[in-house]
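# Observations on the three-dimensional arrangement
Spelled out from the first residue to the last, the chains are:
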Amino acid sequence: MTEVAEAIEHEGETLDDLAAEWQAEQAETEATENQPSKEEIERARKLAEKMNDGFLWLVNRTQCPHVNIEQVIEREKGVEAFEPLAERWGGEVPEWLQQFSPYIGAGVYMATTIVTARQVERQVIEAAKAKQQQEGGANGEEPADRAPE
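Residues numbered from 1 in each chain as written. Predicted model: local features only at pLDDT ≥ 70, side-chain atom pairs only at ≥ 80, totals over all residues. Heavy atoms only, no water.

In this section: helix α3 (residues 38-63). The terminal C-alpha atoms of α3, which comprises 26 residues, lie 37 Å apart, in line with the 38 Å expected from a rise of 1.5 Å per residue. Inspection of α3 places Ala44, Leu47, Ala48, Met51, Asn52, Leu56 and Thr62 among the buried residues, and these make up the whole buried set. (Helix = DSSP H or I, 4+ residues; strand = E, 2+ residues; numbered from the N terminus. Expected span 1.5 Å × (residues − 1). Buried < 20%, exposed > 50% of the residue type's maximum accessible area, 1.4 Å probe, protein only.)

Inspection of the entire model under this criterion finds seven salt bridges. A salt bridge links Lys77 to Glu74, with the shortest nitrogen-to-oxygen separation between them at 4.0 Å. Lys77 sits in the exposed class, given a relative accessible area of 51%. Because the salt bridges share partners, they merge into one network encompassing Arg45, Glu49, Glu76 and Glu83. (Salt bridge = Lys/Arg side-chain N within 4 Å of Asp/Glu carboxyl O.)

What follows covers the confidence of the model for the protein chain. This prediction gives the protein chain a mean pLDDT of 84; 83% of its residues lie at or above 70. Looking across the protein chain, the model is least confident in helix α1 (residues 3-10), with a mean pLDDT of 59, and most confident in helix α5 (residues 75-88), with 94. (pLDDT = per-residue confidence, 0-100.)

Below, the discussion takes up the nonpolar core. Within the largest apolar cluster, six residues are counted, these being Ala44, Leu47, Ala48, Met51, Val79 and Ala86. Mapped by element, the contributors of at least two residues to this core are α3 and α5. By residue number, the principal contributor to this core is α3, which donates four residues. Apart from the residues lying within four places of it in its own chain, the contact partners of Ala48 are Val79, Phe82, Glu83 and Ala86. (Core = buried A, V, L, I, M, F, W, Y, C linked by side-chain atoms within 4.5 Å. Contact = heavy atoms within 4.5 Å.)

A separate point is the side chain of Thr62. Among the structural elements, Thr62 can be located in helix α3. Here the side chain of Thr62 touches Leu58 through a polar contact of 2.6 Å, landing on its backbone oxygen. Side chain to side chain, Thr62 and Gln63 meet in a polar contact 3.4 Å long. (Polar contact = N/O pair within 3.5 Å; in protein donor to acceptor, adjacent residues only side chain to side chain.)

On to α5. Over its 14 residues, α5 extends 21 Å from the first C-alpha to the last, a length consistent with the 20 Å expected when each residue adds 1.5 Å. The axis of α5 is deflected most strongly, by about 35 degrees, at Phe82, and proline Pro84 appears within four residues downstream. What α5 keeps buried is the set Gly78, Val79, Glu83 and Ala86. Against the buried residues of α5 lie α3. Of the residues one or two after α5, Gly90 is the one with positive phi, at around 75 degrees. (Bend = angle between axes of the 7 residues up to and from the residue.)

On the surface, Trp96, Phe100, Tyr103 and Ile104 cluster together to form a nonpolar patch covering roughly 490 Å² of accessible area. Along the chain, Ile104 falls in helix α7 (residues 101-138). (Patch = residues over 30% accessible without salt bridge, like charges linked within 9 Å, V, L, I, M, F, W, Y side chains within 5 Å. Areas by Shrake-Rupley, 256 points an atom, 1.4 Å probe, with all protein chains shown as cover.)

Turning next to the side chain of Thr112. As for its position among the elements, Thr112 is in helix α7. Its relative accessible area of 8% is what places Thr112 among the buried residues. Residue contacts for Thr112: discarding those within four places in its chain leaves Trp57, Leu58, Arg61 and Thr62.

So, on to a negative patch on the surface. Together, Asp16, Asp17, Glu21, Glu25 and Glu28 line one region of the surface with negative charge. With respect to the secondary-structure elements, Asp17 resides in helix α2 (residues 15-33). For Asp17, a relative accessible area of 37% gives the class partly exposed. (Lys, Arg positive; Asp, Glu negative; His and termini not counted. Charge placed at Lys NZ, Arg CZ, Asp CG, Glu CD.)

Structure, rendered in structure tokens:
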């Protein structure tokens, strides 16, 4: 053993202890250096809010149009769920995703159009049934879709 190694062992520390301490210091330094700036955090927050708004709009528009979405969800929890992704992206939509923007926009348009058309169709069918029942009941006849008892 060298004198330095012997001196370290006499103090109760081994080279492994020193290596572990150095690695811990390096990890702490890297963590501090990799912390996002205040501006990056604000950009990520704004992007997370936009992502959440878009998601909620889609849900409300295509899945639950008769629900006041604000009464059902906690908006802040949605933003918090999107923040890690937005932070990872540096508060901006990455270039690789931006190239798909026209396709995403077209898909959203198609989905919302189909859902809206189906809702209108359902309303028209229900209105026609209601009208048929009213007309049948006004003439003293049974409605056509009901069999006499």
